Every structure is written in structure tokens, then in C-alpha cells.
Amino acid sequence: MRQFYKGGFLPEMTRREAALILGIRESAAEAKVKEAHRRIMIANHPDAGGSSYIATKVNEAKDMLVGKKRSGSSMF
Amino acid sequence: MWQGMRARSAPMPDEPTTCGKGGLCHTYITLHHTESFVACSHNNLSQVFLCWSSAARILANLAVAGATVLFRAATQAYRQALVNAQKSGVTADSVGAAARLGKQLTRQEAEQILGIEAGATWEEISKKYEHLYKKNEEAGSFYLQSKVYRAKERIEQDLQAEGVPTPDLTDIHTQQQQQQQGATGKDA
């Protein structure tokens, strides 16, 4: 039986933690990131009994891994 | 020092009023030290500042000196604080520091992870834990599953320390036991 990770979430999200949250590699392609994000969000959706804290973390993780791939797409 | 020098705000009749370079040359400044000095916007700005009253210069030197002293004091204090921190080892806010590093799970974060309120019953906690644990086992990541487990573990420890009973109300672990028993049964 694999040992559970210890402690809580990191105070500031890192790429490594983001990859762990989504269960993918840091170098995964954007399509894979989005697919993993979708799957995990469905499992942890707040409206379906999940916790909004975890849902926020999952979104943060996806933003971190998808955002880095794009060449600084800013809204402004 | 000020005798023999007089302040003027307008040029003498014979004095030139421009520097001769043309253009924006309408700024005439009479400087106290040198009565005949005619300044205009073409001149170097530093020359203009040099000829302000020496009182301003003294003040400026004082300000710079004061700032230097303050800066040195600040750096020394910072160094001393670092030394103190190293010597004392476990300080009062090392717990806070560890929590900030994410290595220590706080009660508050544990409650947030499970999505429960501060005064939740063990039954509610158990229900949320079971739901999240199963969901993340099926379709989540092992990392999230770990966090859910650690959150429940943290609250369980807290409640046990308070003396609240925390029986295993979930069927997660009993399922696993049944699976193991079933497997051994087949072999036999």
C-alpha cells in the first residue's frame, strides 16, 4: 500500500504540486492537462458533495500548468 | 556673509536676459552667490541647484547622513535577529512557519479540505471523508486522496485528544478487508 503524502497543501502553488494534484506529469501536453482537470473537477465538484477548497486547488493547478505553456496570454 | 550681496528678481538693464541659444530661454534666475550669473532653461540643471542657498545644502547633507545611519542600524538589527533566531532554534512562530510551509496541517485547513464547519459532528466528518476518499480513489489523484486522508487524520487526532469518540463509521476499510478475505477464500 502506497504511503499517503503528508501535510496540507502548499501555501503557494508550485508546478510540481499542480502536476501532483492533477495526477499528471509536469511536462504533460495542454490537452492532457485539460482532460485531467475535467475528470478531477467532476469527481470533486462542490455541487456534487465535494469541497470547494479542493475544487479551488484543482482549478489553480490547471491554471498553473496551462498558463505556463502559453506565451504570457494576458487579458490586458 | 550676506552683506554685499543682494537678492534680485529682475535683471539689471545692461545684463543679458538670455543665453543667446534661442528657443525656450525665458527662465531668468538670479542666484544669490553670483549676482551676474544668468541662468536659463538651456543651462545644466546642476548648475542651478548649486546656487541655491547653502542652508538647503546643509539640510541635504544632514538628510543623507541620517539615512545612512538608519540604514546601517537596520542592517545590523536584521543580522542580529537572524543570529538570535538560529540560536533559539524552536521559536514561538516556528509552528506558524511550518504551517506556512505546508508541512504541518492546521485544523483549519483540514476542515476546509473536508468541507466541514468548525463544530461538525464526527458523523458528518466521517461522511464527507468517505465520499471524498472514494471519489478521489476512483477518478481523482493520489495526491488529493492523501490530503483528504491527512485532513481526516488531523481532526481525528484532535478529537481523540479532547476525548471525543471517533469510531470508524466508513466502509472503506471494511471493504478492503472483505476483498482480502475473499481473495484468501478463493485460494483455499
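Going by what an unreviewed UniProt entry lists, chain B is known as Mitochondrial import inner membrane translocase subunit tim16 and is assigned to Auxenochlorella protothecoides. Quoted verbatim from the Subcellular location (unreviewed entry) field of UniProt, the annotation for chain B is "Mitochondrion inner membrane".

Within an unreviewed UniProt entry, the label attached to chain A reads Mitochondrial import inner membrane translocase subunit TIM14, and the organism entered is Auxenochlorella protothecoides. The annotation that UniProt attaches to chain A under Subcellular location (unreviewed entry) is "Mitochondrion inner membrane". UniProt lists a comment for chain A under the heading Function (unreviewed entry), and it reads "Component of the PAM complex, a complex required for the translocation of transit peptide-containing proteins from the inner membrane into the mitochondrial matrix in an ATP-dependent manner."

With that settled, consider the pattern of salt bridges. Residues and elements named next belong to chain B. Scanning the model with the defined rule gives 11 salt bridges over all chains in all. Lys127 is paired through a salt bridge with Glu123; the nearest N and O atoms lie 3.9 Å apart. Of this pair, Lys127 and Glu123 both sit in helix α5 (residues 122–139), 4 residues apart, which is roughly one turn of that helix. Two residues, Asp158 and Arg154, come together in a salt bridge whose shortest N-O distance is 2.7 Å. Placement of the pair is Asp158 and Arg154 together in helix α6 (residues 142–162), with a separation of 4 residues, close to one helical turn.

A few words now on the confidence of the model for chain B. The predicted coordinates of low-pLDDT regions are not to be read in fine detail. All names here are of chain B. Here chain B averages 74 in pLDDT, while 55% of its residues score no lower than 70. Model confidence for chain B, summarised as mean pLDDT per element, is weakest for helix α1 (residues 45–50) at 51 and strongest for helix α4 (residues 107–114) at 96. Low pLDDT, under 50, characterises residues 2–7; the predicted model gives this stretch 8 contacts beyond four residues in sequence or across chains. This model gives residues 24–39 a pLDDT under 50, and the stretch forms 50 contacts once residues within four places in sequence are excluded. Note on the complex model: pTM 0.57, ipTM 0.89.

Membership of the largest hydrophobic core comes to 39 residues, with the highest contact counts inside it found for A:Ile21, A:Leu22, A:Val58, B:Ile113, B:Leu114, B:Ile125 and B:Val148. Contributions of two or more residues to this core are made by α1 (15–22), α2 (30–43) and α3 (52–69) of chain A together with α4, α5 and α6 of chain B. Excluding residues within four positions of it along the chain, B:Ile125 makes contact with B:Leu114, B:Ile116, B:Ala120, B:Ile155 and B:Leu159.

Reading the values: rules and limits
Residues numbered from 1 in each chain as written. Chains lettered and ligands numbered in written order. Predicted model: local features only at pLDDT ≥ 70, side-chain atom pairs only at ≥ 80, totals over all residues. Heavy atoms only, no water. UniProt positions renumbered as here; feature names shortened; annotations may be inferred. Salt bridge = Lys/Arg side-chain N within 4 Å of Asp/Glu carboxyl O. Helix = DSSP H or I, 4+ residues; strand = E, 2+ residues; numbered from the N terminus. pLDDT = per-residue confidence, 0-100. Contact = heavy atoms within 4.5 Å. Core = buried A, V, L, I, M, F, W, Y, C linked by side-chain atoms within 4.5 Å. Buried < 20%, exposed > 50% of the residue type's maximum accessible area, 1.4 Å probe, protein only.

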